[in-house]
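A structural walkthrough
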Amino acid sequence: MPEPRIVYNEGYLDEQTKRVIRRALLKAIAVPGFQVPFASREVPMPRGWGTGGVQVTAAVIGQSDTLKVIDQGADDTTNAVSIRQFFEKVAGSRPTTRTDLATVIQTRHRIPETPLVEGQIMVYQVPIPEPLRFLEPRETETRRLHALEEYGLMYVKLYEDISRYGHIAKTYDYPVLVGGRYVMAPSPIPSFDNPKLHQSPAMHLFGAGREKRIYAVPAYTDVESLGFEDFPFEPQRFETPCEVCGAEGVYLDEIVMDDRGAVMYACSDTDHCERRVAERGPARPAENKEVRA
Amino acid sequence: MSGSLPLLSVANAGHAYGATFGCRGVDFDLWPGEVLAIVGESGSGKSTLLGMLSQRLSVDEGEIRYRQGKELVDLTALSERDVRRLWRTEWGFVHQHAVDGLRMHVSAGGNIGEPLMANGARHFGDIRRQAEEWLARVEIPLDRIDDAPATFSGGMRQRLQIARNLVFGPRLVFMDEPTSGLDVSVQARLLDLIRSLVADLGLSVIIVTHDLAVARLISHRTLVMKDGAVIESGLTDRVLDDPQAAYTQLLVSSILQG
């Protein structure tokens, strides 16, 4: 049997690159919420598809790890499946879809409904790491604003929302104050998930491949969503339960059912939904009727 | 005026662009509540002087001291953090072009509220109320509070910029040709507004202008600049009615007398 022509290093990246990323991660953990620049490498996927997350995962994963990858909460989308298989192949990690079994969870958009526990690592794929970016286009200036803790600008954005819509209309990538010091963009997770970051027992690592930044929220760190005294932060809320499993207080996806505008609302976290159905059976049709009426 | 210490004390100050000085050997004291006009022709170093006083340009020679509490502090010795704190809490800067001083796509209310939020205001209702108050003071209709200044006329933008610079109660305001881009009738109203606000709030103002009429109308004292140096200074009425330097005489006589 001939040797395969290409042999990848464990975790795809070479050891030096992994050390570079680990150094950036250590610095990020030491200064929660601070964006650490790093030399973003090429990985076999286009920028904007989660290259930052893949590099962070590659730097922390090993053969003893179990990896879960979610995209919009779902384990079975193309991107999630291919990243999971990629690490199975290059890092020898075990794949899983179950939140409670995973040691590393790479995600775009969601934090799983199942509460995270100590020892788990969340890896986020971040498109725009700079919360002030669309308010202040100059990188030199935003760095200075972070260094001097001048966050008035961030509140201008919230002010504009309230004066226009009567409430803070930002529902994803909602800015947070980490450890009482740095304002951070929690990647595009819905504001529904923001409270899960506060004092979370898991480690949260954020990688932005295109923007070449890494930042982190270590376990048990204060994460406060910004707001005004008279218009405090309010996470999104859903009136109806999931129509598949009947769960309440979870993040729901709108699913278009036909071409006459009928929709159904179901858990965005597919793992949570499937396990709930397996335990208790599907939601009763009566509940469905009520919801649709 | 307490008479004990000036607000700003400038001694032999100069800023160099490479080997040549943009302004040099400037000496003056600015007292609380005083309006100082800096006049001169284009290229005479007025804006360089203003930039240097406001710490946007370096002080390459001499020193500029600013009163903090009961002592005068050398501005060049302050850290960037301290200078920026002064900008947030004690200094305003009204640009010649409102586009430079406003966020054109943030609403008028947001523009006025930004300095308040930068200073830690976190109550939407309070911020909104102060924005409304200031819009009324600078004569902008209240129903424009949620409109972006991009939709405002030149005069309204300039008034909005003034409101944004005064809302946090600064002690010292720098103005760089605040009226020069506006037509004459709007200029007169704006000057009137500036004069009454300055008197009401007891502000110190340093205003740069090439228009002697502006200096006459709102300033107590005037510095005349030419080729980067102050060639004459004194009470505005004295400088304009009895100019002593040859250049000032030329400048004054070049105005049409009405």
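So, here's what we can say about the structure. (Residues numbered from 1 in each chain as written. Chains lettered and ligands numbered in written order. Predicted model: local features only at pLDDT ≥ 70, side-chain atom pairs only at ≥ 80, totals over all residues. Heavy atoms only, no water.)

1. Brief notes about the interface of chain B and chain A
With 20 residues of chain B at the interface, the matching set in chain A holds 20 residues. Between chain B and chain A, roughly 1900 Å² of surface is buried when both sides are summed, and carbon and sulfur atoms account for 57% of that area. When the area that chain B buries against chain A is broken down by residue, the three leading residues are Arg84(B), Arg122(B) and Phe124(B), summing to 38%. Summed over the shared surface of chain B and chain A, the result is four salt bridges. Here Glu150(A) and Arg84(B) are joined by a salt bridge, their closest N and O atoms 3.1 Å apart. Our count for the contact surface shared by chain B and chain A stands at 11 residue pairs in polar contact (both at pLDDT 80 or more). Of all elements in the fold, only helix 2 (80-89), helix 4 (108-118) and helix 5 (124-137) of chain B reach the threshold of two or more residues within the side of chain B that touches chain A. Examining the composition of the side of chain B that touches chain A, we find that five residues originate from one element, helix 4 of chain B, more than from any other. (Contact = heavy atoms within 4.5 Å. Buried area = accessible area lost by both parts, 1.4 Å probe. Salt bridge = Lys/Arg side-chain N within 4 Å of Asp/Glu carboxyl O. Polar contact = N/O pair within 3.5 Å; in protein donor to acceptor, adjacent residues only side chain to side chain. Helix = DSSP H or I, 4+ residues; strand = E, 2+ residues; numbered from the N terminus.)

2. A few points about the state of the cysteines
Residue and element names in this part refer to chain A. Throughout the structure, instances matching the rule amount to zero disulfides over all chains. With no disulfide of its own, cysteine 242 has cysteine 267 as its nearest cysteine by sulfur position, at a separation of 3.6 Å. Exposure remark for cysteine 242: the relative accessible area of 2% places this residue in the buried category. (Disulfide = S-S within 2.5 Å. Buried < 20%, exposed > 50% of the residue type's maximum accessible area, 1.4 Å probe, protein only.)

3. So, the sheet that holds strand 7 (residues 172-176) of chain B
All names here are of chain B. Spatial ordering of the open sheet is given by 6-7-8-3-9-10, a layout of six strands whose pairing is mixed. Looking at strand neighbours, the two that pair on one side only are strand 6 (91-94) and strand 10 (229-235), the edges of this open sheet. In this sheet, neighbouring strand axes are inclined to one another by 15° on average, regardless of whether the strands run parallel or antiparallel. When strand 9 (residues 221-226) meets strand 10, the two strands line up antiparallel, connected through six bridges. Across the sheet, the residue bridging to threonine 222 is glycine 234, located in strand 10. Contacting strand 6 and strand 7, helix 2 runs over the sheet at an angle of about 70° to strand 6. (Pairing = 2+ DSSP bridges. Axes fitted to C-alpha atoms, helices over the stretch in contact; angles between N-to-C directions.)

4. Some details on the nonpolar core
One recurring pattern in soluble globular proteins is that nonpolar side chains are buried together. Ranked by size, the top nonpolar core spans 68 residues in total, and within it Phe228(A), Ile112(B), Trp134(B), Leu160(B), Val205(B) and Ile207(B) carry the most contacts. Top contributing element to this core by residue count: helix 5 (residues 152-165) of chain A, with seven residues. Those residues in contact with Ile207(B), other than ones at most four positions away along the chain, are Val35(B), Leu36(B), Ala37(B), Ile38(B), Met175(B), Pro178(B), Val214(B) and Ile218(B). (Core = buried A, V, L, I, M, F, W, Y, C linked by side-chain atoms within 4.5 Å.)

5. Here we look at the sheet that holds strand 4 (residues 61-68) of chain B
Residue and element names in this part refer to chain B. Read across the sheet, four strands follow the order 2-1-4-5 without closing on themselves; strand pairing throughout is antiparallel. The sheet is open, and its two edges are formed by strand 2 (20-30) and strand 5 (71-74), each paired on a single side. Within this sheet the neighbouring strands show an average axis-to-axis angle of 30°, counted without direction. Alignment of strand 4 against strand 5, held across four bridges, turns out to be antiparallel.

6. Notes on the packing of aromatic side chains
As enumerated under the stated definition, the model contains 20 aromatic pairs over all chains in all. With 5.5 Å between their ring centres and 55° between their planes, Phe192(A) and Tyr251(A) make a pair best called tilted. Of this pair, Phe192(A) sits in the loop between strand 7 (182-184) and helix 6 (194-197) while Tyr251(A) is found in the loop between strand 10 (223-225) and strand 11 (252-256), placing the two residues 59 residues apart along the sequence. Of the two residues, Phe192(A) and Tyr251(A), both sit in the buried class. Site record: aromatic cluster; members linked through ring pairs are Tyr155(A), Tyr159(A), Phe228(A), Phe231(A) and Phe124(B). Sitting above the plane of the Tyr182(A) ring, Arg181(A) keeps its charged end 4.3 Å from the centroid. Across the ring face of Tyr155(A), the terminal group of Arg122(B) is positioned such that the distance to the ring centre comes to 3.5 Å. (Phe/Tyr/Trp six-rings, centres within 6.5 Å; stacked < 30°, edge-to-face > 60°. Lys NZ or Arg CZ within 6 Å of the ring centre and 35° of its normal.)

7. Looking at the environment of Arg110(A)
Residue and element names in this part refer to chain A. By secondary structure assignment, the location of arginine 110 is in the loop between strand 4 (104-108) and strand 5 (121-125). The class of arginine 110 is buried, set by a relative accessible area of 2%. Remark: the alpha-carbon pair of arginine 110 and alanine 147, spanning 37 residues in sequence, is separated by 29 Å. The contacts of arginine 110, once residues within four sequence positions are left out, are Ile70, Gln72, Gly73, Met122, Ile189, Pro190, Phe192, Asp193, Lys196, Tyr251, Ser268 and Asp269. At a separation of 3.0 Å, a polar atom in the side chain of arginine 110 contacts the side chain of glutamate 113.

8. Notes on the environment of Phe134(A)
All names here are of chain A. Along the chain, phenylalanine 134 turns up in the loop between strand 5 and helix 4 (139-147). Phenylalanine 134 gets classed as exposed once you look at its relative accessible area, which sits at 75%. Through-space distance from the C-alpha of phenylalanine 134 to that of threonine 171 is 16 Å; in sequence the pair is 37 residues apart.

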